[in-house]
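Observations on the model geometry
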Amino acid sequence: GENVEQHPSTLSVQEGDSAVIKCTYSDSASNYFPWYKQELGKGPQLIIDIRSNVGEKKDQRIAVTLNKTAKHFSLHITETQPEDSAVYFCAAGSGGSEKLVFGKGTKLTVNP
Amino acid sequence: NAGVTQTPKFRVLKTGQSMTLLCAQDMNHEYMYWYRQDPGMGLRLIHYSVGEGTTAKGEVPDGYNVSRLKKQNFLLGLESAAPSQTSVYFCASRTSGAETQYFGPGTRLLVL
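The rules we used
- Residue numbers run consecutively from 1 along every chain, following the written order of its sequence.
- Following the order in which they are written, the chains are lettered starting with A and the ligands numbered starting with 1.
- Under the rules for a predicted model, residues below a pLDDT of 70 receive no local features and side-chain atom pairs below 80 are neither given nor counted, while totals for whole chains, interfaces and linings still include all residues.
- As a rule here, side-chain values cover all heavy atoms of the structure and leave hydrogens and water aside.
- The criterion for strand pairing is that DSSP finds at least two bridges linking the strands in question.
- Counting from the N terminus, the helices are DSSP H or I runs at least four residues long and the strands are E runs at least two residues long.
- Throughout, an axis means a line fitted to C-alpha atoms (over the contacting stretch in the case of helices), and angles, computed between N-to-C directions, take values from 0 to 180 degrees.
- Here, two cysteine sulfur atoms that lie within 2.5 Å of each other are counted as a disulfide.
- To sort residues, take the accessible area from a 1.4 Å probe on protein chains only and compare it with the maximum for the residue type: under 20% means buried, over 50% means exposed, and anything in between is partly exposed.

Side note on the sheet that holds strand 3 (residues 19-25) of chain A
Across a sheet, paired strands are connected by hydrogen bonds in the backbone, their directions being either parallel or antiparallel. Residues and elements named next belong to chain A. Reading across from one edge, 1-3-8-7-6 is the order of the 5 strands in this open sheet, with antiparallel pairing throughout. Looking at the sheet topology across the chains shown, the edges are occupied by strand 1 (4-7) and strand 6 (56-59). The average angle at which neighbouring strand axes cross in this sheet is 15°, direction not considered.

So, in structure tokens, the structure goes:
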């Protein structure tokens, strides 16, 4: 089955710096890669996703890149702000599967 | 449109007691999921359902049962709670036409 590894488990940056979180997956059939943000005491919320027919996707300060050959994808947050502090999860899924497999999460702290 | 709701928000159980967690969604989604979240373990799938009257096992199903008698509701039962089931439980749902899962706010369960 699919296995998703996520690094780092914790990340601390200064406000205004960039943050990068990386994930690798094992199943070459996976073609859908979402990123979720979980604020303290709340449920995860989708912030961006990418499909395997696209190499990069941007949404304002957030971008995701995908390298299908290497089976890894990354979340990039630029100009970080204190409200970006949260736990971020990557996940992988395929059109033929009902399930997503999640990474273990990265706790991002943005220091003012 | 409330999205995905979960009841209760918090519960304390004694070892051996039983309880049912309720998930409800008003988005007419076909698929529903139960996850548990433990520190450093990410989100692990317990059971899921691809439609009314259907259920399937996920990664960590032991000690839990589920039922999907109505399309909008997905119940997670613990017949005899154990301290190892202390966790935060999240429900999610999605439509059959897209992979994006929408999460509820979570239920925090403490088993003493």
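Here we look at the state of the cysteines
Overall, the coordinates contain 2 disulfides over all chains when judged by the stated rule. The disulfide that involves A:C23 links it to A:C90, with 1.9 Å between the sulfurs. Judged by the sign of its S-S torsion, about -100°, the bond between A:C23 and A:C90 is left-handed. With A:C23 in strand 3 and A:C90 in strand 9 (residues 86-93), this residue pair connects regions lying 67 residues apart in the sequence. Given a relative accessible area of 1%, A:C23 falls into the buried group. Two residues share a disulfide in this structure: B:C23 and B:C91, whose sulfurs sit 1.9 Å from each other. The sign of the S-S torsion, about -75°, decides the handedness of the disulfide formed by B:C23 and B:C91: left-handed. Of this pair, B:C23 sits in strand 3 (residues 19-25) while B:C91 sits in strand 9 (residues 87-94), and the two are 68 residues apart along the sequence.

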